[in-house]
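Structural features, examined
Residue-level listing of the chains:
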Amino acid sequence: MAAPSLRDLPSVEALLQMDAAAHLVSLYGRALTVDALRAALAAARQAPDLQIPSAEQLMDRAGALLQSWLAPTLRSVINATGVVLHTNLGRAPLSRAALQAVQQAGEGYATLEFDLERGARGARSLHAETLLTRLTGAEAALVVNNNAAAVLLILSALAKGKRAVISRTQLVEIGGGFRVPDVMRQSGAKLMEIGATNRVHLEDYEAALAGGGQLVLHAHPSNFRIIGFSGEPALAEVAAAAHRTGCLMVDDLGSGALLDTARWGLAHEPTVMESLAAGADIVCFSGDKLLGGPQAGIILGQAELISRLKKHPLMRAVRPDKLCLAALAATLTHYLKGEAEREVPVWRMIAAEPGALQARACQWAQTLGLGEVLAGESTIGGGSLPGETRPTWLLALPPGRANRLLADLRAADPPVIARIEAERVVLDPRTVLPEQDGPLLAALNRLLAGHH
Ligand SMILES: *Cc1c(COP(=O)(O)O)cnc(C)c1O
């Protein structure tokens, strides 16, 4: 008998006649299945020195290809890093009510831009904005796609061609390519840099305003902190100086806390209400940082200014979608009802007391029959409160091959993201949702059995 050759490979048509192919077609559709069979055949032809695969082997390979092509890349993971607002892991997890609102808005039609009373076109801007003004006392509000878009829109509408004063202490890069000076230039504003890297004085602002400054931008330094010889005048002083010369004061708060972080022993993060009270004419912040909602940019301020932003041509390009607005409105409702600390996951995590976390870590250790429970620190992340930590308790896994174990945890289902401290893999219960304890321990059990 002649040695099997490439000519013995079945045709796509022949393969499609097999029961296994019908099964793949039922799972993935005909077009994709044909693509996968062709790819499996092409691979077999590319490697003629290998054994000629049987029809069954080709079918198996096609099935594996289909699975890998369609495997979701946006997967839910268990965040055991202790970083509450982990930007790479999607920042804030949503509350139950926010998720329900998203489900409702997404599964059918909604009054996104429809006025039920008049039976006519309504305002998209209505949904979260009335809640925002009620909550903060601001005259008007506007929601956009994210805070970067908010800053760009504000400066494009209010500072284009104008001299915008900014302190060198605030010319920061937030990450992911967002640099305050670049966004300012992109908007068409002319930068007037004042002060030094570590210090700026009220006189610097006053001199710039007297020298032709037309708008003052104050930007939260976000994810970095200057220690040592540093300082800035209070926002209220800067705003007053701006107003004395008829200039606008814009405050990019970054995180936009509505609750006082100092209640949990953290540094005090300036709140939205404080910024408004200090005299900022426009305040903006993210929806998915300390607010604990969906990705969004929130702008608050005087009605006349907000209305200019709404009319700007960029507005259409940065407007939020219905899913975002649904989640945001539900999140804001938690604050209005005074239940944010209980219902908004990021605040629940920040508020979790060390004693409760220790009990959980101990319970993990007990269930696994290994590991050591050690005192540690959780961080807030997301450009909020750099350098600030909350005391926590960590489950430290037995030492040895920590990097390998970390990688194996990422490969688990669901993937577990942990960190290494003193050459040991540690897991922080603060950021693990309570309902994830079961899946986490199951994944760890499977893994650690393999590691010993
Ligand atoms: C995070 C942050 C931004 C960007 O916000 P996104 O919502 O991520 O677009 C802008 N400014 C400051 C000060 C920030 O902290």
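In case you missed it, the structure is sitting above this.
Summarised in this report is the structure supplied together with it. Fair warning: this is a prediction, and the values are worked out from it, not measured in the lab.

The subject of this paragraph is the site of the ligand. Residues in contact with the ligand, as listed here, are Arg91, Asn146, Asn147, Ala148, Ile174, Phe178, His220, Ser222, Asp252, Gly254, Ser286 and Lys289. At 2.6 Å, a side-chain N or O of Asp252 approaches a nitrogen atom of the ligand. Taking 380 Å² as the accessible area of the ligand by itself, protein coverage stands at 94%. Of all elements in the fold, only helix H7 (147–158) and strand E11 (248–254) reach the threshold of two or more residues within the shell around the ligand. For the shell around the ligand, the per-class residue count stands at three nonpolar, six polar and three charged.

Before going further, it helps to spend a moment on the sheet that holds strand E13 (residues 297–301). By definition, the strands of a sheet pair up through backbone hydrogen bonds, in either a parallel or an antiparallel sense. Taken together, seven strands build an open sheet; the order of strands is E5-E13-E12-E11-E10-E6-E9 and the sheet is mixed. Two strands in the sheet have a free side with no partner beyond their single neighbour: strand E5 (140–144) and strand E9 (190–194). Between one strand axis and the next, the sheet turns by 20° as a mean value, whatever way the strands run. Summarising the sheet, E11 and strand E12 (residues 282–286) pair through four bridges and their orientation is parallel. Among the inter-strand pairings, Asp252 is bridged to a residue of E12, identified as Cys284.

With five of five residues buried, E13 lies mostly within the body of the structure. Side chains of E13 alternate between two faces, with Gly297, Ile299 and Gly301 and Ile298 and Leu300 buried alike. As judged from the five bridges shared by E5 and E13, these two strands associate in the antiparallel manner. Counterpart to Val144 in the pairing with E13 is Gly297. In the sheet, E12 pairs with E13 via five bridges, with the strands oriented antiparallel.

Along the chain, Ser187 falls in the loop between helix H8 (180–186) and E9. The exposure class of Ser187 is buried, given its relative accessible area of 3%. At 2.6 Å, the side chain of Ser187 and the backbone oxygen of Met184 are in polar contact. Sequence-distant contacts of Ser187, defined by excluding residues within four places in its chain, comprise Leu152, Leu155, Ser156 and Lys160.

Inspection of every chain in the model, using the stated rule, returns 22 salt bridges. Note that Arg124 and Glu113 form a salt bridge whose closest N and O atoms lie 2.8 Å from each other. A residue pair is termed long-range when its members are at least 10 positions apart, and Arg124 in the loop between strand E4 (120–121) and helix H6 (126–136) and Glu113 in the loop between helix H5 (96–107) and strand E3 (114–115) qualify at 11 residues. Arg124 sits in the buried class, given a relative accessible area of 15%. Between Arg404 and Asp408 there is a salt bridge, with the nearest N and O atoms lying 3.4 Å from each other. Here Asp408 and Arg404 lie together in helix H18 (residues 402–411), a separation of four residues that amounts to about one turn. Here Arg404 falls in the partly exposed class, since its relative accessible area comes to 46%.

What counts and what doesn't
- Residues numbered from 1 in each chain as written.
- Predicted model: local features only at pLDDT ≥ 70, side-chain atom pairs only at ≥ 80, totals over all residues.
- Heavy atoms only, no water.
- Near = heavy atom within 4 Å.
- Polar contact = N/O pair within 3.5 Å; in protein donor to acceptor, adjacent residues only side chain to side chain.
- Areas by Shrake-Rupley, 256 points an atom, 1.4 Å probe, with all protein chains shown as cover.
- Helix = DSSP H or I, 4+ residues; strand = E, 2+ residues; numbered from the N terminus.
- Nonpolar A, V, L, I, M, F, W, Y, C, P; charged D, E, K, R; others polar.
- Pairing = 2+ DSSP bridges.
- Axes fitted to C-alpha atoms, helices over the stretch in contact; angles between N-to-C directions.
- Buried < 20%, exposed > 50% of the residue type's maximum accessible area, 1.4 Å probe, protein only.
- Contact = heavy atoms within 4.5 Å.
- Salt bridge = Lys/Arg side-chain N within 4 Å of Asp/Glu carboxyl O.

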